[in-house]
Number of protein chains: 2
Amino acid sequence: MPSSFQEMWAELLPLGRDPGSGGYRRFAWTPADAECRAWFRAQAAARGLACEVDRNGNQWAWLGDPAAGDAVVTGSHLDSVPDGGAFDGPLGVVSAFAALDELRSRGARPSRPVAVVNFGDEEGARFGLACAGSRLAAGVLTPERAAALRDADGVSLPQAMERAGHDAEAIGPDDERLARVGVFVELHVEQGRHLEDTASPVGVASSIWPHGRWRFDFRGEANHAGTTRMGDRHDPMPAFAATVLAARERAAAAGARATFGKLGVLPNGVNAVPGLVRAWLDARAADEDTLGALVGAIERAAREHSAAEGVQVALTRESFTPVVDFAPALRDELVRLLAARRAYEVPVLPTGAGHDAGILAAKVPTAMLFVRNPTGVSHSPAEHAREDDCVAGVEALADVLEGLACR
Amino acid sequence: MPSSFQEMWAELLPLGRDPGSGGYRRFAWTPADAECRAWFRAQAAARGLACEVDRNGNQWAWLGDPAAGDAVVTGSHLDSVPDGGAFDGPLGVVSAFAALDELRSRGARPSRPVAVVNFGDEEGARFGLACAGSRLAAGVLTPERAAALRDADGVSLPQAMERAGHDAEAIGPDDERLARVGVFVELHVEQGRHLEDTASPVGVASSIWPHGRWRFDFRGEANHAGTTRMGDRHDPMPAFAATVLAARERAAAAGARATFGKLGVLPNGVNAVPGLVRAWLDARAADEDTLGALVGAIERAAREHSAAEGVQVALTRESFTPVVDFAPALRDELVRLLAARRAYEVPVLPTGAGHDAGILAAKVPTAMLFVRNPTGVSHSPAEHAREDDCVAGVEALADVLEGLACR
């Protein structure tokens, strides 16, 4: 008998967990990632599902014949940000297997192929680009650019795939496989507190905010911290600091988001004025005009403060994802399917978080379900969802799969 | 025949040099450090000096019988800050050997023992505490506290010493050895531009500014960068940023120095609001009252901004070195010895940089010579001193050794 939701959860819980922080460090193509992928294969095998890895390293577990086409696909990812939570990603994969079990226990018989998918490298924690697995499949990340992505040790994405035993020769657009997908539904823990203010454990996504990552290189002159007069310095740290404050103020005023969450300092010595502060801006807004104005204002602030400090600043846009409006007809169908079986209202809400669903939406009809998050905290060991709400998520996903695949 | 100054310099130049930055990464008790220490032993051997390592890992090369006491000791250190320059430390050791050669070529015969010393772990780049070797010897760093010092990989200072082949069981105060030192003179590249504004290649130190290191832990709540509203955040980065700007402003106003040059961010993910920003403040001023007022003002700014951002801040003083006034009689004697032989004025200047000489000054009469630095840049690959000035430094050190040891 396949593992229950609770058993699957308990099996995943120790994999890639940092004993110090209690958070997860399941970075793409590392041993922790390999353990998660082995868990996925075992779950597929326990259910008699055919498991395969596509050319871009994404895992698929098939119920029915993939070649029949028009498949109903659900799933998410198993990798994590540094010290991430247990739910972001895995909840969607565990719920997908559990929803298949629920369909079986209901006696529902799919008339279309159904698959569970685990997309590789969704968080981009190791190579700096989110959703690498789905971007490669959809053709929005080229193999050439993927080969230029490197981790902190200088290992490229294809090299890392090869070292993990995956043939990276064939990475690239996978139109044939995506053509077999009739619809993709991703279940995910909510990463805000919208649902917590409602009586609904589950909601449906309307859109994903446009978002991107910009690298700011503030370059000054390394020097002795004890002997260099304040006025003689070319210190990139105050220029960076003033940019952080400007970003926060502008984002708050625009109802948007701007975060400097990743930093590298050289030489990073206590008694050395830094020569380089490299900082990454993550910025998001409800629409692309607002986002463009926000990033433009932060860039101007960085240039002004750098000029005042006698340092150089260079900006590199490392990624940009336009607004995603999920297919309205599919979205409405999900609301209808849930409303027919469930006693709660089904909120329809946007999100500021990127997802593989946002990448696939350009290629196939795509929808998302969100499961309530009592604190809204995500990308943190404190990320949480109540067990009752997780069970409600599985039931909702089963409703959706039954409605879409068993007609 | 022992290596000339230029030959010694050329031998040291490639050791521990980072090919990317061109700077040095000679951290205590690493392979690069071991190469420098092997170089020291070879120089001692080439001159027939008895080389020994004291209980705290400092290297001594003796001309004459150490047990005779009242020794004239000169030297500096060979380790570096991250991406440090070639001169900070090594110039004092190379010049010490070269000055002994100069004494010999002058036919000067010391009537007191003379030693060249290489103090271990002066920069504190690996374990966070500067002058660890001389502090241990002088008893101002206890073995217990040394055992609590850890590098970024969690290796303690004694463990690192053991792994490098040094018996760390016996680390601790070395009064017997210090009692044999009659006088210590450290030659060092100047780390400011005082001498460059004069016609003098060499100056004598008056004092070392009081200085210290404080660790600021700004603790907030890690969260998702895309979904967490700006107003819902407990983001330590803006609190840190505001503290950086306050520190710079206060230090400039006080004619002092305040630097945030080393940072650690957790989880350090592009799409995660940080949970922790750990930042080290290096602060220095001409006197202890000014320094205390400066650090107090920075601490108040950190607390105010942290409270406004809903984050916690904790301060830890990791080191503090009171003002060092070098022995006035010895300082005056150095000026007199140089003035008798050299055509240039001998400036007497304070420094904002800490040195082993500053630690030893509490135990034995101690002095310092500074060699002109045309840009003042230090703790950087761009650190430089002209060869003529380095030769003038060797001659001046030989004058001092001759005057002190050959009477």
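Just so we're clear, the structure is a prediction, and the values are computed from it rather than from any experiment.

K.L.:
Could you clarify how one ought to interpret the relation of the copies chain A and chain B in this entry?
P.N.:
Each of the two chain copies goes to the other by way of a rotation about an axis and a shift along it. With an axial shift of 0.1 Å and an RMSD of 0.2 Å, the rotation relating chain A to chain B amounts to 179 degrees. The operation mapping one copy onto its partner corresponds to a two-fold rotation axis. For chain A, the minimum C-alpha distance to the rotation axis belongs to Ala241(A) and amounts to 2.1 Å. Both copies share a contact surface, since 100% of the interface residues of chain A are interface residues in chain B too.

K.L.:
Explain the packing of aromatic side chains to me, please; I cannot follow it from the model alone.
P.N.:
For any pair of aromatic rings, the description consists of the separation of the ring centres together with the inter-plane angle of the planes. On inspection of all chains with the given rule, the structure shows 24 aromatic pairs over all chains. Pairing Trp214(A) with Phe320(A) gives two aromatic rings, centres 6.4 Å apart and planes at 70 degrees, and the pair type is edge-to-face. In this pair, Trp214(A) sits in strand E7 (residues 211-219) while Phe320(A) sits in strand E12 (residues 312-321), placing the two residues 106 residues apart along the sequence. Ring geometry for Trp60(B) versus Phe119(B): centroids 6.2 Å apart, planes at 75 degrees, classification edge-to-face.

K.L.:
Can you walk me through the environment of Ile298(A) in this structure?
P.N.:
Residues and elements named next belong to chain A. Of note, isoleucine 298 is situated in helix H9 (residues 288-309). Relative accessible area serves as the criterion here: at 0%, isoleucine 298 is assigned to the buried category. Apart from the residues lying within four places of it in its own chain, the contact partners of isoleucine 298 are Phe216, Thr243, Ala247, Ala258, Phe260 and Leu281.

K.L.:
Even after reading the chapter, I still don't get the domain arrangement of chain A, so can you show me in this structure?
P.N.:
Size of an interface, as often reported, equals the accessible area lost when the parts are brought together. All names here are of chain A. Taken domain by domain, chain A consists of domain 1 (2-209 + 323-405) and domain 2 (211-320). For domain 1 versus domain 2, the distance between C-alpha centres works out to 33 Å. Of all residues in domain 1, Gly128, Trp209 and Val323 bury the most surface against domain 2, accounting for 59% of the area lost on that side. At the surface where domain 1 touches domain 2, the tally comes to zero salt bridges. Here domain 1 and domain 2 share six residue pairs in polar contact (both at pLDDT 80 or more) between them.

K.L.:
Before we go on, may I ask you to explain the pairing of strand E9 (residues 257-266) of chain B in this structure?
P.N.:
Within a regular beta strand, the side chains point alternately toward one face of the sheet and then the other, so they alternate between its two faces. Residue and element names in this part refer to chain B. Across the ten residues of E9, seven count as buried, placing the element largely inside the fold. Here nine bridges tie E9 to strand E11 (residues 276-284), and the two strands are oriented antiparallel to one another. Opposite phenylalanine 260, over in E11, you have leucine 281 as the bridge partner.

K.L.:
Is there a simple way to think about the packing of helix H8 (residues 236-254) of chain A against H9(A) in this case?
P.N.:
Helix-helix packing is described using two parameters, namely the angle between the two axes and the distance between the axes. Residues and elements named next belong to chain A. One can describe the packing of H8 onto H9 by two numbers: an axis separation of 9 Å at closest approach and a directional angle of 155 degrees. When the axis of H8 is compared with that of H9, the two are roughly antiparallel. The two elements H8 and H9 meet at a crossing, and its hand is right-handed. Here Pro238, Ala239, Ala242, Thr243, Ala246, Ala247, Arg250, Ala251 and Ala254 of H8 lie close against H9, whose contacting residues are Thr290, Leu294, Ala297, Ile298, Ala301, Ala302, His305, Ser306 and Glu309.

About the cut-offs
Residues numbered from 1 in each chain as written. Chains lettered and ligands numbered in written order. Predicted model: local features only at pLDDT ≥ 70, side-chain atom pairs only at ≥ 80, totals over all residues. Heavy atoms only, no water. Least-squares fit on C-alpha atoms with pLDDT ≥ 70 in both. Contact = heavy atoms within 4.5 Å. Phe/Tyr/Trp six-rings, centres within 6.5 Å; stacked < 30°, edge-to-face > 60°. Helix = DSSP H or I, 4+ residues; strand = E, 2+ residues; numbered from the N terminus. Buried < 20%, exposed > 50% of the residue type's maximum accessible area, 1.4 Å probe, protein only. Domains from an automatic or database assignment. Buried area = accessible area lost by both parts, 1.4 Å probe. Salt bridge = Lys/Arg side-chain N within 4 Å of Asp/Glu carboxyl O. Polar contact = N/O pair within 3.5 Å; in protein donor to acceptor, adjacent residues only side chain to side chain. Pairing = 2+ DSSP bridges. Axes fitted to C-alpha atoms, helices over the stretch in contact; angles between N-to-C directions. Parallel < 35°, antiparallel > 145°, perpendicular 65-115°, else oblique. Left-handed = near helix turned anticlockwise from the far one by under 90°.

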